[in-house]
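Spelled out, the chains give:
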Protein chains: 2
Amino acid sequence: MKKESIAIDMDGVVANVEVHFIDWYNEEYDANIIQDDLKGKSEDDAFPVPGIIKKYANTEGFFRTVPVMEGAVDAVKRLNESYEVYLVSAAMEFPRSLLEKRAWIEEHFPFIDWKHIVFCGDKSIVGTDYMIDDHTKNLDPFEGRKLLFDAFHNLEVSGYHRAGSWQEVLHFFEKES
Amino acid sequence: MKKESIAIDMDGVVANVEVHFIDWYNEEYDANIIQDDLKGKSEDDAFPVPGIIKKYANTEGFFRTVPVMEGAVDAVKRLNESYEVYLVSAAMEFPRSLLEKRAWIEEHFPFIDWKHIVFCGDKSIVGTDYMIDDHTKNLDPFEGRKLLFDAFHNLEVSGYHRAGSWQEVLHFFEKES
């Protein structure tokens, strides 16, 4: 039987960009922002200085050095045993990120073959069976089973299956199988 | 009504890599290969020197300077008026090509938004309504309507809707609408 497939988002799902944005911001502005400060805010209003997220996302080295989300490597490795796992990132907005993300995956997720990496713009062409993403705009047009990964900017949203950690993602798929 | 979507391959479909490989080969080896010499051969056996295609595909500047397939710009522009057009390339195999392909699209197909560019590995996750490709391995797992674009390496294959030029692609879609 053909394995079912999962499209897993990068930023905010396997890559902890939230912590990375905060670290870079605190360093540049000598500030003391913590994760709780961002909760419930939009990406545009996340930081006191406007445009921070786009600025850092366009800065060389940002995506290459982002820390891995806690538990992501082991969980993706486990899912990869039973599913066709694809890492799918809307990387096209930030061309600089393309090579950095490719190298980042090779470093942290070497068991994901290049054939299973997708860099796109909008994700409406993704035809996998499952999608794990922190953005409802990516999940909404998707026709398969959806899992919303908690992020500061999506905490107010309701009506989605949610996972607050990679442990919860594994629980979700245990119930599915 | 939601527009139908088309995934259009790059190499061998909108980008004339065949002519580009021949030009580079003739230049390097002082040879006189012409397109007829490649007909019916596989990509591996296309040139007297083995490994030429992978070598050039990994060479800086190759994808940035590939000529556009005759008629492709006008035809894609026309399709883009009635369909959601995506340029979808299996670029992940050659990381060096990622930025070059992104810049090439911006130069030759500036009307294709970054949201409609996809760089992937295998194309089995592509869930568009149509796919135009010169490789049967990409069309075979695809569940929508398929159009095989003629290339030297696919001339022996039968059982596909075919287009030998961008004019024929437009004819195909005129009959569809």
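If you're wondering where the values come from, they're calculated on a predicted model, not measured in any experiment. (Residues numbered from 1 in each chain as written. Chains lettered and ligands numbered in written order. Predicted model: local features only at pLDDT ≥ 70, side-chain atom pairs only at ≥ 80, totals over all residues. Heavy atoms only, no water.)

1. Focus on the side chain of S5 of chain A
- By secondary structure assignment, the location of S5 of chain A is in strand β1 (residues 5-9).
- For S5 of chain A, the residues in contact, after removing those within four places along its chain, are E84, Y86, T128, D129 and Y130 of chain A. (Helix = DSSP H or I, 4+ residues; strand = E, 2+ residues; numbered from the N terminus. Contact = heavy atoms within 4.5 Å.)

2. Some points on the relation of the copies chain A and chain B
- By a simple turn and slide, chain A fits onto chain B: the slide is 0.0 Å along the axis, the RMSD is 0.0 Å, and the turn is 180 degrees. Given the turn and translation reported, the copies of this chain are related as if by a two-fold rotation axis. Distance from the rotation axis, computed per C-alpha, reaches its smallest value in chain A at G127 of chain A: 2.1 Å.
- Interface residue correspondence from chain A to chain B reaches 100%, placing this contact among same-surface, isologous pairings. (Least-squares fit on C-alpha atoms with pLDDT ≥ 70 in both.)

3. Quick notes on the environment of L148 of chain B
Residues and elements named next belong to chain B.
- Take L148: it is sitting in strand β5 (residues 145-149).
- Remark: the alpha-carbon pair of L148 and V13, spanning 135 residues in sequence, is separated by 9.4 Å.
- Leave out the neighbours within four places in its chain, and L148 touches D133, D134, H135, T136, L139, N154, Y160, H161, R162 and A163.

4. As for the domain arrangement of chain A
All names here are of chain A.
- Annotation of chain A at the domain level lists domain 1 (5-15 + 67-176) and domain 2 (17-63).
- The centre of domain 1, based on its C-alpha atoms, is set 21 Å off from the matching centre of domain 2.
- Each partner contributes to the interface: domain 1 provides 17 residues, whereas domain 2 provides 20 residues.
- In this assembly, domain 1 and domain 2 are joined by two salt bridges.
- Here R96 makes a salt bridge to E60, at a shortest N to O gap of 3.5 Å.
- Taken together, the connections running from domain 1 to domain 2 amount to seven residue pairs in polar contact (both at pLDDT 80 or more).
- Classifying every residue of the side of domain 1 that touches domain 2 gives seven nonpolar, four polar and six charged. (Domains from an automatic or database assignment. Salt bridge = Lys/Arg side-chain N within 4 Å of Asp/Glu carboxyl O. Polar contact = N/O pair within 3.5 Å; in protein donor to acceptor, adjacent residues only side chain to side chain. Nonpolar A, V, L, I, M, F, W, Y, C, P; charged D, E, K, R; others polar.)

5. Some points on the interface of chain A and chain B
- Between chain A and chain B, the residue contacts involve 21 residues of the former and 21 residues of the latter.
- In this assembly, chain A packs against chain B so that about 2100 Å² is buried in total across both faces, 67% of it on carbon and sulfur atoms.
- In terms of surface lost to chain B, no three residues of chain A exceed M92, W114 and I125 of chain A, which account for 30% of the buried area on that side.
- Run the count over chain A and chain B and you get zero salt bridges.
- Mapped onto the side of chain A that touches chain B, the elements with two or more residues apiece are α5 (97-108) and β3 (117-119) of chain A.
- Looking at side-chain class alone, the side of chain A that touches chain B contains twelve nonpolar, five polar and four charged residues. (Buried area = accessible area lost by both parts, 1.4 Å probe.)

6. So, the pairing of strand β5 (residues 145-149) of chain A
- Sheet analysis places strand β4 (residues 130-133) of chain A next to β5 of chain A, joined by four bridges and oriented parallel. From the neighbouring strand, M131 of chain A faces β5 of chain A, where its bridge partner is K146 of chain A. (Pairing = 2+ DSSP bridges.)

7. Quick look at the pattern of salt bridges
Residue and element names in this part refer to chain A.
- Under the criterion given, the structure shown has 24 salt bridges over all chains.
- Residue R145 is joined to E176 by a salt bridge in which the shortest nitrogen-to-oxygen separation is 2.1 Å. Of this pair, R145 sits in strand β5 while E176 sits in helix α7 (residues 166-176), placing them 31 residues apart in sequence.
- Judged by its relative accessible area of 27%, E176 is partly exposed.
- Connected through shared salt-bridge partners, D9, K123 and D133 make up one network. (Buried < 20%, exposed > 50% of the residue type's maximum accessible area, 1.4 Å probe, protein only.)

8. Observations concerning the state of the cysteines
- One pass over the full model with this rule turns up zero disulfides over all chains.
- Between C120 of chain A, a free cysteine, and C120 of chain B, which holds the nearest cysteine sulfur, the sulfur-to-sulfur gap is 9.6 Å.
- Overall, the relative accessible area of 1% leaves C120 of chain A in the buried class. (Disulfide = S-S within 2.5 Å.)

9. As for the packing of aromatic side chains
Residues and elements named next belong to chain A.
- Taken as a whole and judged by the stated rule, the model has 34 aromatic pairs over all chains.
- Ring-pair connections join several aromatic residues into one group, and the members of that group are F21, W24, Y56, F62, F63 and F94.
- Just above the ring of F63 sits the side chain of K101; from NZ or CZ to the centre is 4.4 Å. (Phe/Tyr/Trp six-rings, centres within 6.5 Å; stacked < 30°, edge-to-face > 60°. Lys NZ or Arg CZ within 6 Å of the ring centre and 35° of its normal.)

10. Things to note about the nonpolar core
- Within the largest apolar cluster, 100 residues are counted, with the highest numbers of intra-cluster contacts made by I8, F119 and W166 of chain A together with I8, F119 and W166 of chain B.
- Residue contacts for I8 of chain B: discarding those within four places in its chain leaves V13, V14, V76, L79, V85, Y86, L87, V88, I132 and W166 of chain B.
- Core analysis: the second largest hydrophobic core is formed by 22 residues, L148 of chain A together with V88, M131 and L139 of chain B among them. (Core = buried A, V, L, I, M, F, W, Y, C linked by side-chain atoms within 4.5 Å.)

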